[in-house]
Structure formats: C-alpha cells, structure tokens
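A closer look at the structure
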Amino acid sequence: MLEREIVVVGAGPAGLSAAIEAAGAGARVLCIDLNMRPGGQLFKQIHKFFGSSAHRSGTRGIDIGRMMLDEAEDKGVELWLGSTVIGLFPGNKVGVRHGQDGTAGAFVTVHAQKIIVAAGASENVVRFDGWTTPGVMGAGAAQTMVNVNHVKPGRRVVMLGSGNVGLIVSYQLMQAGCEVAALVEAAPKIGGYAVHAAKIARAGVPIYTSHTIKRVVPDESGRVCRVVIVGLDDAFQEIPGTEREIEADTVAIGAGLKPTTELLALLKCDFTFHPVWGRVPLHNRDMETSQEGVYIAGDTTGVEEANTALEEGRIAGISAAAALGYLSEDEAKARKDEIWARLAALRMGPFGEKREQAKQDILSAFDESRGGLAAV
Amino acid sequence: MCMRVENHVVLDTAPSGRLVTITVDGQPVEAFEGEAILAALLAKGIIINRYTVKKQEPRGLFCGIGQCTDCAMIVDGKPNVRTCITPVRAGMVIETQNGLGKAGA
C-alpha cells in the first residue's frame, strides 16, 4: 500500500487550494482528479469574477486556475490525473483507479493520514418528456464543450433555468457562435444577477418566465429538433393552450447543482438535510467531518461558487497540516479566523445571506451531534 | 459539418495537439491528439454515443465531466469508456456501444 500524509480528492478550486496550503506548510500531499487536466470547473469560467480584490474580482476563472496550477507545482503537490477515487475505506484507505486516461489503469490503495474530499457537485436534471434525447444536456456540459473543448454542442440552444449558470452559459454559448433560441424560466422572474440577464436581453434572446419545457421532439437521426414550452400559473401548473414550439437542436438545463457526497456516505460521515443545500455532510470550523482526519471543502459541503470553495479549501488544508504538526495551533487558528471572516464577507447580500445562514446551521448541527455523543 | 469554436473573443481556440486519424464505426475521422474523444466526435456532428440496454434508446453528451456515463463507447475493444474524459490517441478504434457493449448484446 502506498503511503501519503494527505490525500486530496478533487483538483478543482477547493481541492487545489487545500493542497497548496497543506503542501506550503510542509506536508506531503497527493491530489487526485478524474479529469485529464486539473482546475475543475475554473477552466470553463471565462467571465470575470465578482467580489473584492482579495477575491480576485475582475479576474477570469480560467486565469485563476492557471495561477493555482503554477502554485501547486511550486509547492510540490503530487497530482494524479485521469484517476478516479472509487472508495474511501475505514482506516483512511483511499481506493484509486490510477491512470492517465480512462482506457488504462490499475487499482491501487493509498493510505493517507488525513483525507480532504473536495469532490464538487453534479447538475440537477428536469424530467420533461424526452429529457434523455441526444441534444438535451446540462448547462455545465454545454459550457464545458464550448469553453474547454472548443466544440459547439449544437447550433440552436434552448436554455432552461435563469440562475447565474443559465444566464452566463447562454452568453458564453453565443460568444462561441451558437444561437440561443430562448431562455425559459419556471419562476415569474429571472433567478440570477441582473447584470448577466441584461446581457442576454440586449442580445435579443427571447425570455419566457413562468414557462417550462413540456417535451422535446427528436428528428429521424434521434437528435432534438423541436422544443415545446408551456406557460405556468402561480402554482407552477401548466396552463392548457399556452404551448409554443421552438426550433432547436439543443436543450441546456441549468436547474441547479447538488453536492457530490458518495465518498463521505461510504465512510458513514454524519449528514443532515438542509433546505438550502439538500443532504450534506456535517463539518466543524476546521472543515473536519464527523470522521476524525476526514475534511471537506467546496461544493461537496453545499453548492456555492468558486471563491467560497477556494477559501474553504484553504481552511481544510491548514487544518490537516496543523493536525500533522506542520503548523502551531495558534498560527493555524489565526489563519483560519482570517479566512472565516473573508467567507462571511462573501456570504453577504441578498444572494449570500441564506448561504451564510445555511453554513451556520450546519456548524451548529455538527456541534449538537458532538454534544449528543459526549452526553452518552 | 464542423462544430469547432473559432475566432473566440476571450479564448485562444487553436488546437494544442497534432491532427491524427481515428476510426469511428469503421470510418476514418480526423481528431486532435489529447482532446476528449467526445469532443472530436461532436466536432463532426456525431452526437449518439451509445444505445441503452433495455429499450435501445440513443444517448449522447449529458454531463460532459465523467459523471453520468451517457457518452460511454467501445474504445479499442473496451466497452463503457467515458469518452468525455478520455483523450484521443492516434489510431484509436471507437465504436458506438449497444447495451453493455458485450459481444452479441
């Protein structure tokens, strides 16, 4: 069995920042990712980030990704790409299908003193009639195609969902040369930031609020060729007679994301159900789960955005390194307090407040579950 | 039909790998070495990667990041390869997968 001090699962913003912090403190870190290149979803975010200068506002995600890769290399982080973590087992064992691509690979077990899971999230689907038809895909999938693979997923796209993902990806599909035939939103108003919505509106994309997709119709080749949308009433029920057909070969679904938590469930970490984030693992202010030595960061803890993922990753990396003795308790605490303050600043405003509350709820639930154990 | 992104306002979309030939269902297809197999096929307008086990329904690109397995194909004789996270190499033989991709299935 291979031995590593810290294994980080996922080389996205949370995983990379955790690896950089821990390796910077002196720990020997192995970071594992199933993709061919590290950076997670940062490399598809070609728009400029919001926030304060401490959070690199005005910088594109893709450039933040490049800076982080350089830093990880500088700090000596070991990186396994094209490698899938298939399980976490008692005794801090990490099962990995190791390989540079999906066609070759051996199964190896790595024993880690500390494990940091930053596995990200997966896209939600909307199950309208025909949702499995080729041409229907996640909004993130469409974004990956144009911004990472530089291939258009289709010529004419209907976007379902007007959160920031739906809005930003609609714009980026247009930047790549696709036509956006319509933006469809079930709620009576746009979900994401007005600044992103305004770009879509200025480009002349028809926006259908209080509408959803009723079905898609394939052509002879099996691909989407028409999308039928329908109006919704205040109770989100279809209004008969309001169907409308849109010609399109692609549907992108931007209906939110859910945390990727299977590895933590395998380890029997304590979970809670939170109305904002769904079923998520409990963690404390060190980002440590109910399993000692197992930390989490980023979307795995509840879906937010790249900046909060970066900050949580830093906390997890500092905590794991400190637990191994690479940082004094005082130094680790001072640095973590600073980061928690920056996180609180990121979780302000109408969009951030409910995430701040959710995070506080989860920290409290962790304390309660520990208190419960102590009382036994 | 070419679906590649060109002249992008933010991105440099010049391919980084060399142009190679792969075989897709018996036909030669040009692709860039190192790009995702799925992307190479999509660039040529090929969107169906497999047919389902029970109802033989077509499936193609859905998540694009190795999670959903809708883009699984037979690569060099090996079934269930996630083409969205598997890079192209010169001479690869790719087949549309029926069901579980076993002989006779």
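Now for a description of the structure that goes with this document. (Residues numbered from 1 in each chain as written. Chains lettered and ligands numbered in written order. Predicted model: local features only at pLDDT ≥ 70, side-chain atom pairs only at ≥ 80, totals over all residues. Heavy atoms only, no water.)

**As for the overall build of chain B**
When helices and strands are counted, chain B shows one helix and eight strands. For chain B, the sequential pattern of α-helices and β-strands runs β-β-α-β-β-β-β-β-β. A compact globule built from 105 residues should have a C-alpha radius of gyration of about 13 Å, and chain B, at 14 Å, falls within 12% of that. Overall, chain B is about 45 × 25 × 25 Å in size when its C-alpha atoms are taken along their principal axes. By residue count, 50% of the 105 residues in chain B fall in the buried class. A fraction of 43% describes how many contacts in chain B between residues 6 or more apart in sequence connect residues 24 or more apart. (Helix = DSSP H or I, 4+ residues; strand = E, 2+ residues; numbered from the N terminus. Rg over C-alpha atoms; globule rule 2.2 N^0.38 Å. Buried < 20%, exposed > 50% of the residue type's maximum accessible area, 1.4 Å probe, protein only. Contact = heavy atoms within 4.5 Å.)

**Quick look at the interface of chain B and chain A**
At the junction of the two partners, chain B supplies 38 residues and chain A supplies 40 residues. With both chains or domains summed, chain B and chain A bury close to 3,300 Å², and 63% of this area falls on carbon and sulfur atoms. The interface formed by chain B and chain A holds zero salt bridges in total. Seen at the junction of chain B and chain A, the total is six residue pairs in polar contact (both at pLDDT 80 or more). In terms of residue count, helix α1 (residues 37-43) of chain B provides more of the side of chain B that touches chain A than any other element does, four residues in total. Its residues assigned to classes, the side of chain B that touches chain A shows 24 nonpolar, seven polar and seven charged. (Buried area = accessible area lost by both parts, 1.4 Å probe. Salt bridge = Lys/Arg side-chain N within 4 Å of Asp/Glu carboxyl O. Polar contact = N/O pair within 3.5 Å; in protein donor to acceptor, adjacent residues only side chain to side chain. Nonpolar A, V, L, I, M, F, W, Y, C, P; charged D, E, K, R; others polar.)

**Notes on the sheet that holds strand β8 (residues 97-98) of chain B**
Residue and element names in this part refer to chain B. In spatial order, the strands read β4-β3-β8; together these three strands make up an open sheet with mixed pairing. A strand with exactly one partner marks an edge of an open sheet, and here the two such strands are β4 (58-59) and β8. Summarising the sheet, strand β3 (residues 50-51) and β8 pair through two bridges and their orientation is parallel. Each bridged residue has a counterpart across the sheet, and for R50 the counterpart in β8 is Q97. (Pairing = 2+ DSSP bridges.)

**Topic: helix α8 (residues 329-346) of chain A**
All names here are of chain A. When the terminal C-alpha atoms of α8 are compared, their 26 Å separation across 18 residues agrees well with the 26 Å that a helix rising 1.5 Å per residue should span. Every buried residue of α8 is listed here: A332, K336, I339, W340, L343 and L346. On an axial view of α8, the arc spanned by its buried residues comes to 110°, and they lie on one face. Opposite its buried face, α8 presents the exposed residues D330 and E338, each directed more than 90 degrees away. (Expected span 1.5 Å × (residues − 1). Arc of directions from axis to C-beta.)

**Considering the pattern of salt bridges**
All names here are of chain A. By the definition in use, this model includes 21 salt bridges over all chains. Its salt-bridge partner being D286, residue K336 comes within 2.6 Å of it at the nearest N-O pair. Residue K336 is found in helix α8, and its partner D286 is found in the loop between β18 (278-281) and β19 (294-296); the two are separated by 50 residues along the sequence. Given the relative accessible area of 27%, D286 is considered partly exposed. One salt bridge in this structure joins E304 and R355, with 2.5 Å as the shortest N-O distance. Of this pair, E304 sits in the loop between β19 and α7 (306-323) while R355 sits in helix α9 (residues 349-375); the two residues are 51 residues apart in sequence, bridging distant segments of the chain. Given a relative accessible area of 14%, E304 falls into the buried group. The buried category is assigned to R355, whose relative accessible area is 13%. One network of salt bridges, in which partners are shared, links E304, E312, R347, R355 and K359.

**Focus: the packing of helix α1 (residues 13-24) of chain A against α7(A)**
All names here are of chain A. Between α1 and α7, the least distance of the axes is 7 Å, while the angle of their chain directions is 35°. Helix-helix and strand crossings are classified by hand; for α1 and α7 the assignment is right-handed. Within the contact between the two elements, α1 uses P13, A14, S17, A18, E21 and A22 and α7 uses A306, A309, L310, G313, R314, G317, I318 and A321. Grouping the constituent residues of the contact of α1 with α7 by class yields nine nonpolar, three polar and two charged. (Axes fitted to C-alpha atoms, helices over the stretch in contact; angles between N-to-C directions. Left-handed = near helix turned anticlockwise from the far one by under 90°.)

**Focus on the pairing of strand β15 (residues 250-253) of chain A**
All names here are of chain A. Burial along β15 is two-sided: the residues T250 and A252 and V251 and I253 are all buried. Strand direction decides the pairing type here: strand β8 (residues 136-138) and β15, joined by three bridges, are parallel. Bridging across to β15, V136 finds its partner in V251. In this structure, strand β9 (residues 156-160) lies alongside β15, joined through four bridges in parallel fashion. Looking at the pairing, L160 lines up with I253 of β15.

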